[in-house]
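Below are the chains, spelled out letter by letter.
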Amino acid sequence: MTTDLGPSPPDPAPPGQSGRARDPDRTIPSPATASDALLADIHERTAAGIAAAVSRSIRSGNLPPGARLPTVREVSRQLKVSPATVTQAWRALAAAGAIVARGRAGTFVGSTPHPLPPSGRYQRLHPHSDNTFRTDLSRGTPDPALLPDLTAALRAISTGDAVDDLSATYLGDAVLPDLERLVRADWPGRAERLTVLDGALDAVDRLLTAHVRLGDTVAVENPCFPPFLDMLTRLGVRPIPVALDHCGMLPHDLATTLATHSPTAVLLQPRAQNPTGASLSPQRIRELADVLSDAAVTAGATPTIIEDDHSAGIAHTPPRSLASRLPTRTIHIRSYSKSHGADLRLAVAGGPATLLDPVIERRMLGPGWSSHLLQRILTHMLTDPTARATVATARDTYRTRSDALRKALARQGIPLLRADGINLWIPVADENAALITLAAAGIKAAPGGPFEVTDHRPTDHLRLTVAAVQAGEIDDLAIHLAAAATAAPTYRRMRRP
């Protein structure tokens, strides 16, 4: 049953006040005028196309704040699409804060884009509930036992005057010079500007906020890291899925997306992709760069490329980036959360000044910079032999654990390609049935649904984080995972058309 978000007849106006615009200095279009402006701009009769067209009309001023929209039924009749299609578009616009439903009064263009709570992909992935599972494979986090000793770094930097001189000024560079020199030594491409931000997600969020706008499209990997999709929803931006294999985004799919949707940005993970563990190969870097080159991108502006290297330090794949071939359009982000500790909240973003300076300048009006004290701690751990050996041990241990579970699953009839990092992406017959089967055995996995950009999934999946899996539990775990992978639902699942 479809809920109509369109308006019913408006409530009577208060005494002495007509039903027209209350602001005498602003003319708000009538529903009929708004309908004409809206329908004239819709060229793609899908939920996504309708939402994008309304967003464009709002941004251009054709639909000013306070304009009342036609009903769902009226739009569906004019476009000859189902009311459910229009309702889906209306809900996406409401989630982005572009429109506001006021019950019987109708649906109106919002005064300012003010997003509602997120669509819940990340919340579905990590619900707030007591952890009663004996084995938790859902977290996507490193093994705490394999992180460098933070207290040792604190003791080391607390000697002398190295700390005192950091606390007396609000001025100075965003990046400590010693840290910048270390980072540049193996940066995978030319970076005109470097800055430090509060983790990879903070960096991606600030870059998207600076460079994409309501109604834009962004090309993303499918499957994709759920927080990216939640960010895009809040910004009123439409993610366009690009399929990937074990070497990353498929060049043909990306070329099709560029030609059909003219995305403002391309968002990808260059190695240990979450959730699949895929990593860009040198050949795939060349192929994607050819697709994204200025000469190849003919429709609209050339997209900004944002790379999230979230597994630096613990990935076996060498650092690679499209910045090696497209340095003027690529921002590469390197996070140290999985290798050195999430509570450091540090990531380095590098790329052209034209793309990073707006982020740096806007940040100076808020937090200003990431703590120089934390940067000093990270600098120490990047150079300290003991800390470096700990990170190298973690990298090898994660590879050993991942390979052991993958081989155990192969013996159970579930072959998986080798993945880099701490996650495995396992196909299952039915996501819900698999989760229930594992829960009965005291095992928690991450559902695959929140990672999928579209609802039309040819195969269900689970994401497994193998960071803390111990050797003695791998064979038993593989048996339970094999049972979950083939578990059938106890009800007939109705997929969306």
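See above for the structure.
The shown structure was predicted, so the numbers you read here are calculated from the model rather than taken from an experiment.

Reading the values: rules and limits
All residue numbers refer to position in the chain's written sequence, counted from 1. Where local features are concerned, this predicted model is filtered to residues with pLDDT of at least 70; where side-chain atom pairs are given and counted, the filter is 80 or more; whole-chain, interface and lining totals use all residues. In computing side-chain properties, one takes all heavy atoms of the structure into account and sets aside hydrogens as well as water. Each reported salt bridge corresponds to a side-chain nitrogen of Lys or Arg within 4 Å of a carboxyl oxygen of Asp or Glu. Numbering of helices and strands runs from the N terminus; a helix is a DSSP stretch of H or I covering at least four residues, while a strand is a stretch of E covering at least two. Summary of the burial criterion: residues with accessible area below 20% of their type's maximum are buried, those above 50% are exposed, and those between are partly exposed, where the area comes from a 1.4 Å probe applied to protein chains only. Buriedness for pockets is judged along seven lines, at least five of which must meet protein on both sides within 12 Å for an open set on the 1 Å grid over protein atoms alone, while cavities are sets there where a 1.4 Å probe fits but cannot get out, and lining residues have an atom within 4 Å of a point. Grid points are joined across faces, edges and corners, and a volume is the space filled by probe spheres set on the points. Three classes are used, and their members are as follows: Ala, Val, Leu, Ile, Met, Phe, Trp, Tyr, Cys and Pro are nonpolar, Asp, Glu, Lys and Arg are charged, and the others, Gly among them, are polar. What qualifies as a polar contact is a pair of N or O atoms within 3.5 Å, subject to a donor-acceptor requirement within protein and to the restriction that residues adjacent in sequence count only when both atoms come from side chains. In what follows, residue pairs with any heavy atoms lying within 4.5 Å of each other are defined as contacts. The rule for pairing is simple: two strands pair if DSSP sees at least two bridges between them. Axis definition: a line fitted to C-alpha atoms, limited for helices to the stretch in contact. Angles are taken between N-to-C directions and run from 0 to 180 degrees.

J.: Would you mind showing me how to read the pattern of salt bridges here?
T.: Where charged atoms of side chains with opposite charge meet at close range, the side chains can pair. Summed over all chains, the structure comprises 18 salt bridges. Linking R181 and D178 is a salt bridge whose minimum nitrogen-to-oxygen distance equals 2.1 Å. Of this pair, R181 and D178 are both found in helix α7 (residues 177-184), three residues apart, which corresponds to roughly one turn of the helix. In this structure R181 comes out as exposed when scored by relative accessible area, which is 56%. When its relative accessible area of 42% is taken as the criterion, D178 is described as partly exposed. A cluster of three or more residues bridged by salt bridges with shared partners is formed by D245, R284 and E287.

J.: Help me understand empty space enclosed by the protein, please; the structure alone is not making it clear to me.
T.: Scanning the model with the defined rule gives two cavities of 30 Å³ or more in all. Considering the residues around the largest cavity, the lining is formed by E221, L244, G248, M249, L268, Q269, Q273, A278, S279, L280 and L288. Here the residues of the lining of the largest cavity sort into six nonpolar, four polar and one charged. Contributing to the lining of the second largest cavity are A174, T195, L197, V359, I360, R363 and G368. At the level of secondary structure, the elements contributing two or more residues to the lining of the second largest cavity comprise β4 (193-197) and α13 (353-363). Here the lining of the second largest cavity is composed, by residue class, of four nonpolar, two polar and one charged.

J.: Help me understand the side chain of Q273, please; the structure alone is not making it clear to me.
T.: Relative to the helices and strands, Q273 is located in the loop between β8 (265-268) and α11 (282-292). Q273 gets classed as buried once you look at its relative accessible area, which sits at 1%. Reaching out from Q273, the side chain makes a polar contact with the backbone oxygen of P223 at a distance of 2.9 Å. If we ignore the near neighbours within four places in the chain, the residues touching Q273 are E221, P223, C224, L244, A278 and H310.

J.: Even after reading the chapter, I still don't get the pairing of β4, so can you show me in this structure?
T.: Consecutive residues of a regular strand have side chains that alternate between opposite faces of the sheet. The buried fraction of β4 amounts to four of the five residues, a majority that puts the element mostly inside the structure. Bridging between β4 and strand β11 (residues 347-351) involves five bridges; their strand directions are antiparallel. Across the sheet, the residue bridging to L194 is G350, located in β11.

J.: So what exactly am I meant to see when it comes to the sheet that holds strand β12 (residues 423-428) here?
T.: Spatially, the three strands line up as an open sheet ordered β12-β15-β14, and their pairing is antiparallel. A single partner strand is all that each edge strand has here, and the edge strands are β12 and β14 (446-447). Each of β12, β14 and β15 (460-465) touches helix α16 (residues 431-440); the most contacted strand, β15, lies at about 40° to it.

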